Amino acid sequence: NALHGRYGEDGCVQGLLDILGIPYTHSGLLASALAMHKPMAKKLFVAAGIPVARHEIKTQWDIISGNVMPIPYVIKPVNEGSSVGVHVIREGSNEPMFEESGWPFGDKVMVEEYIAGRELTVAVMGERALGVTEIATSRGFYDYDAKYKEGGSSHVIPADISDTLTE
């Protein structure tokens, strides 16, 4: 459970450890691989009755040509973690991420409808929810820098939400 991101959470290391017969904590190979691949994870969520944001898989060239959904929308790599490469495209955005090979995540790009809201997370142990945490940032959304740079975000525990929503 000490590895993070590509190779650490996508099933690669888990597969190697399985082959070598070395036990580990965290999810297994298949669960890790499915969770890291956003389109497949969303298919599983929908099958389980969990609502997800509408999305399409596009090429970076589709996005450059403007052949995507109405603004605002979110673009993200198909299989990265920790908000790596995630951008919110708003009216007047001038994001250079696709110019001069600036998008290192492959040709496929997930484009999602933008859903405004608060960042709430719940830790779960077994069948027990351990509480709701709100994660706030002044960066516009909880991106990679907000997660890992000092002062990028703050955590409110318990989140300031109603008892009904907490439940």
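Residues numbered from 1 in each chain as written. Predicted model: local features only at pLDDT ≥ 70, side-chain atom pairs only at ≥ 80, totals over all residues. Heavy atoms only, no water.

K.L.:
Break down the pattern of salt bridges for me, citing the residues and quoting the values.
P.N.:
Across all of its chains, the model carries nine salt bridges by this definition. The residue E80 makes a salt bridge to R6 at a minimum N-O spacing of 2.2 Å. Within this pair, whereas E80 is found in the loop between β2 (73-77) and β3 (87-89), its partner R6 is found in the segment before α1 (12-20), the two being separated by 74 residues in sequence. Look at E80 and you get buried, because its relative accessible area is 13%. Of the residues examined, R6 reaches a relative accessible area of 37% and is grouped as partly exposed. D143 is the salt-bridge partner of R139, the closest N and O atoms lying 2.9 Å from each other. One connected set of salt bridges, linked through shared partners, spans R139, D143, D145 and K149. (Salt bridge = Lys/Arg side-chain N within 4 Å of Asp/Glu carboxyl O. Helix = DSSP H or I, 4+ residues; strand = E, 2+ residues; numbered from the N terminus. Buried < 20%, exposed > 50% of the residue type's maximum accessible area, 1.4 Å probe, protein only.)

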